[in-house]
Every structure is written in structure tokens, then in C-alpha cells.
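Examining the three-dimensional arrangement
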Amino acid sequence: MLALLSSAAIAFGVSILATPYAIRFLRRRNIGQFIQEEVEGHSHKRGTPTMGGVVIVVAVLIGYVVSHISFWSQESGFGFDVRGFKAGGLLVGFAFVGMGVIGFIDDYRKVTRERNLGLGKAAKFGGQLAIAGIFAWWAVEAGVTTGIGFTRSLGINLGIVYFIWVLLMLTAAANAVNITDGLDGLVSGSGALVFGAYTIILFWIFRNDSFYGRFLATELSALELAIFAAALFGALLGFLWWNTAPAKIFMGDVGSQSIGGALAALALLSNTDLLLLLLGGLYVMETVTVIIQVISFRAFGKRVFRIAPVHHH
């Protein structure tokens with residue numbers, strides 16, 4: 001429990017204190033947001049510092065790593081000890097940072113081109129598939145079940161199809177959160193809620209290994225997953241202070257894609273794949289509105305919404 005609290009508190013502290021420095025740094029270098037011209041009422045957002053997701057990524061990693069350092073224990077008293085990192089946390093960290101790197105490259109290209117156009121669809125999707133493919137291989141090598149679950153495993157073994165499922169989950173989640181990122185505080189606020197829920201869920205799994213299986217609870221370490229989720233919860237809350245309306249900084253693709261990658265990774269490793277559809281219902285809804293809009297316009301020449309995703313409508 002102490003590791004959970006320290007992970008969230010440290011990530012929150014780093015995020016809320018470092019973000020104003022990031023705002024000044026980005027402003028000095030004219031790294032600002034390029035808006036969609038067709039979105040009414042957003043002209044005042046042009047030039048607002050972006051790529052703030054870098055602060056989120058750094059805060060999460062610091063919170064996660066420092067939570068493994070102990071200066072006191074009930075058995076031995078004061079002393080310095082570093083608890084080992086387990087496969088679960090490293091896998092989530094890889095998905096989180098990997099998707100964040102793709103988002104960073106996308107943001108950087110937008111800034112250098114001075115347009116709201118970053119990586120091409122093929123390059124972005126190819127990068128996401130590469131991260132998802134490595135994650136799937138690593139998860140199987142670590143002994144992660146290739147089954148699918150809701151609140152626990154449903155006993156359905158996907159076998160080789162698991163690789164395709166991982167590719168779908170990671171790329172879909174990263175793009176869904178990216179699509180949702182468009183209003184002040186929307187992703188940082190909703191993301192904090194989802195990661196807060198996963199912190200509770202994963203700690204519950206850790207404390208009930210007889211019900212959820214020893215591998216998930218101890219060897220893969222549901223506690224490691226909970227610590228990472230807690231760090232994300234804290235970092236997003238700290239960032240939200242500066243990102244809420246009127247936003248002083250935006251997270252950019254580096255933030256939204258890393259968040260999506262972490263969400264999918266936590267769901268896959270905890271056997272709550274299908275539960276993510278409910279916990280991340282906002283992201284599902286936003287993505288569905290885009291799909292509906294595209295199908296309607298191409299098939300019938302009409303738009304269902306004034307603009308998609310629906311938060312702009």
C-alpha cells in the first residue's frame with residue numbers, strides 16, 4: 001500500500017511542479033498548438049504550448065521507479081533497499097513509453113512543419129504495430145495467459161490469435177485516446193479516473209491471488225501493475241491543474257498515445273480486456289462517432305454530426 005501511495009504522490013508532485021517550467025520552456029521556443037481551422041471558437045488556443053505529455057511520461061517513470069526504493073522496513077528498520085522490477089511493470093512501461101515516442105515524433109513533425117499535420121497514417125500505424133508486436137512477444141515469453149477476460153479470465157484461449165488481439169487492443173486504444181484529445185482537460189481528467197479505477201482493481205487482484213491466480217497476482221505482479229497505474233493517476237491529476245479550461249498547456253500526441261498504450265497494456269495483462277470497453281467508454285464513444293461520420297459521408301454524402309469527434313459537435 002505504501003508503494004502505491006508513494007508512486008501516486010511522487011508522480012503528482014513532479015507533474016504539478018514541473019509543468020509550469022515546461023510551459024515557459026515551450027513558449028520560449030514557440031512550440032505551440034496548431035488548431036483545426038474548421039473548429040469554431042478554438043482560434044484563441046492557437047500557440048498554446050503543446051507536447052506537455054513529456055512531463056506526464058517523465059513524472060510517471062519517476063514515480064514508478066522511486067516507489068521501488070525503500071529507506072525503512074518493519075523488520076530491519078532504517079536502510080537503503082531497492083525492490084526488483086517485475087515483468088508486469090516493465091511491460092506496461094514499454095507500451096507506455098513506446099507509444100509516447102511515436103506521439104513525440106508526430107508532435108515534433110507538426111511543430112517543424114508549422115501545420116496540424118504530423119506523421120503520415122502509414123508511418124504512425126506502422127510504428128504502433130511494431131510496439132504492439134514486441135509487447136505481444138514479450139508478454140508471451142513472460143508467461144502471460146493468451147486468454148481473454150472481463151473482470152477475470154473467461155477461459156477462452158486465443159492461441160496464436162492473441163498476437164492479433166494485442167495488435168488490435170494497443171493500436172485501437174492509442175488512437176482512441178488520441179482522437180478524444182481535443183478539449184481542455186478531457187483526456188487528462190478522464191484518464192485519471194480510469195487509471196484510478198485500475199489502481200483499485202489491480203490491488204484487489206493482488207490481495208486475492210487464490211481467486212485470480214498466483215501468476216497474475218505475484219509472478220507477473222498485479223501490485224507492479226497497480227503501482228504503475230497509481231503513477232499515471234497522480235501524474236494526470238497534476239497535469240490536469242494546468243490543462244483544465246482555459247488550458248495553459250496541451251499534452252499533444254506524446255501524451256494521448258502513451259496514455260492509450262498504458263490503458264491497453266494494463267487491460268491485457270490483468271485479463272480485463274473487455275472491461276476496458278466500459279472503463280474507457282468515453283474513448284469508445286468518441287471513436288465510434290468518427291467511424292459513423294466517415295461511413296455516412298462516404299456512403300450518403302451527409303454528415304451525422306456537425307463535426308467529429310463528437311466533443312467538437
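Residues numbered from 1 in each chain as written. Predicted model: local features only at pLDDT ≥ 70, side-chain atom pairs only at ≥ 80, totals over all residues. Heavy atoms only, no water.

Now for the pattern of salt bridges. Between side chains of opposite charge, pairing is possible as soon as their charged atoms come close. This structure, assessed with the given rule, holds three salt bridges. The shortest N-O distance in the salt bridge between Lys 124 and Asp 106 comes to 3.1 Å. Residue Lys 124 is found in helix 4 (residues 121-141), and its partner Asp 106 is found in helix 3 (residues 87-113); the two are separated by 18 residues along the sequence. Asp 106 shares its class with Lys 124; the two are buried. Measuring nitrogen to oxygen at the nearest pair gives 3.7 Å for the salt bridge that ties Lys 124 to Asp 253. Of this pair, Lys 124 sits in helix 4 while Asp 253 sits in helix 10 (residues 252-269), and the two are 129 residues apart along the sequence. When sorted by exposure, Lys 124 lands in the same class as Asp 253, which is buried. (Salt bridge = Lys/Arg side-chain N within 4 Å of Asp/Glu carboxyl O. Helix = DSSP H or I, 4+ residues; strand = E, 2+ residues; numbered from the N terminus. Buried < 20%, exposed > 50% of the residue type's maximum accessible area, 1.4 Å probe, protein only.)

Our next topic: the packing of aromatic side chains. The geometry of an aromatic ring pair is captured by two quantities: the separation of the ring centres and the angle between the planes. With the rule as written, the count across this model stands at six aromatic pairs. Measuring from ring centre to ring centre gives 5.7 Å for Phe 96 and Phe 228, while their planes differ by 80°; the resulting arrangement is edge-to-face. Of the two residues, Phe 96 is situated in helix 3 and Phe 228 in helix 9 (residues 222-243); the sequence distance between them amounts to 132 residues. According to the relative accessible area criterion, Phe 228 is buried, its value standing at 1%. (Phe/Tyr/Trp six-rings, centres within 6.5 Å; stacked < 30°, edge-to-face > 60°.)

It is worth spelling out the pairing of strand 4 (residues 153-157) at this point. Of the pairings in the sheet, the one linking strand 3 (residues 147-149) to strand 4 comprises three bridges and is antiparallel in character. The residue bridging Gly 147 from the neighbouring strand is Asn 157, located in strand 4. Hairpin connection of strand 3 to strand 4: three residues between the antiparallel strands. (Pairing = 2+ DSSP bridges.)

Moving on: the packing of helix 6 (residues 186-207) against helix 12 (residues 281-300). Where helix 6 meets helix 12, the closest approach of the two axes is 10 Å, and the angle between their N-to-C directions is 135°. With respect to helix 12, the element helix 6 is oriented oblique. Every residue of helix 12 that contacts helix 6 at Leu 186, Val 187, Ser 190, Gly 191 and Val 194 is listed here: Leu 282, Tyr 283 and Glu 286. (Axes fitted to C-alpha atoms, helices over the stretch in contact; angles between N-to-C directions. Parallel < 35°, antiparallel > 145°, perpendicular 65-115°, else oblique. Contact = heavy atoms within 4.5 Å.)

Direction vectors running N to C along helix 5 (residues 161-180) and helix 12 enclose 80°, while the axes themselves pass 8 Å from each other. When the interaxial angle is binned, helix 5 and helix 12 end up roughly perpendicular. On helix 12, the residues touching Ala 176, Val 177, Ile 179 and Thr 180 of helix 5 are Leu 282, Tyr 283, Glu 286, Thr 287 and Val 290. Taken together, the residues of the contact of helix 5 with helix 12 break down into six nonpolar, two polar and one charged. (Nonpolar A, V, L, I, M, F, W, Y, C, P; charged D, E, K, R; others polar.)

On to helix 2 (residues 53-66). Each α-helix winds once per 3.6 residues, and so residues spaced three or four apart point in a common direction. Here helix 2 spans 20 Å end to end across 14 residues, near enough to the 20 Å set by a 1.5 Å rise per residue. Among the residues making up helix 2, those that are buried are Gly 53, Val 55, Ile 56, Val 57, Ala 59, Val 60, Gly 63 and Tyr 64. Looking at the buried residues of helix 2, the elements they touch are helix 1 (2-28), helix 3, helix 9 and helix 10. (Expected span 1.5 Å × (residues − 1).)

Let's shift gears to the nonpolar core. Grouped together as the largest cluster of nonpolar side chains are 77 residues, with contacts concentrated most on Phe 135 and Leu 170. Per-element tally for this core: the top contributor is helix 9, with 14 residues. Discounting residues that sit within four places of it in the chain, Leu 170 has contacts with Ala 95, Met 99, Ala 132, Phe 135, Gly 261, Ala 264, Ala 265 and Leu 268. (Core = buried A, V, L, I, M, F, W, Y, C linked by side-chain atoms within 4.5 Å.)

Attention shifts here to unusual backbone geometry. Here the bond from Ala 245 into Pro 246 is cis, since omega is -10°, no more than 30 degrees from zero. Note on placement: Pro 246 falls in the loop between helix 9 and helix 10. The backbone of Met 51 shows a phi angle near 65°, a positive value even though the residue is not glycine. For Met 51, the position within the fold is in the loop between helix 1 and helix 2.

In short, shape yes, function no, at least from these values alone.
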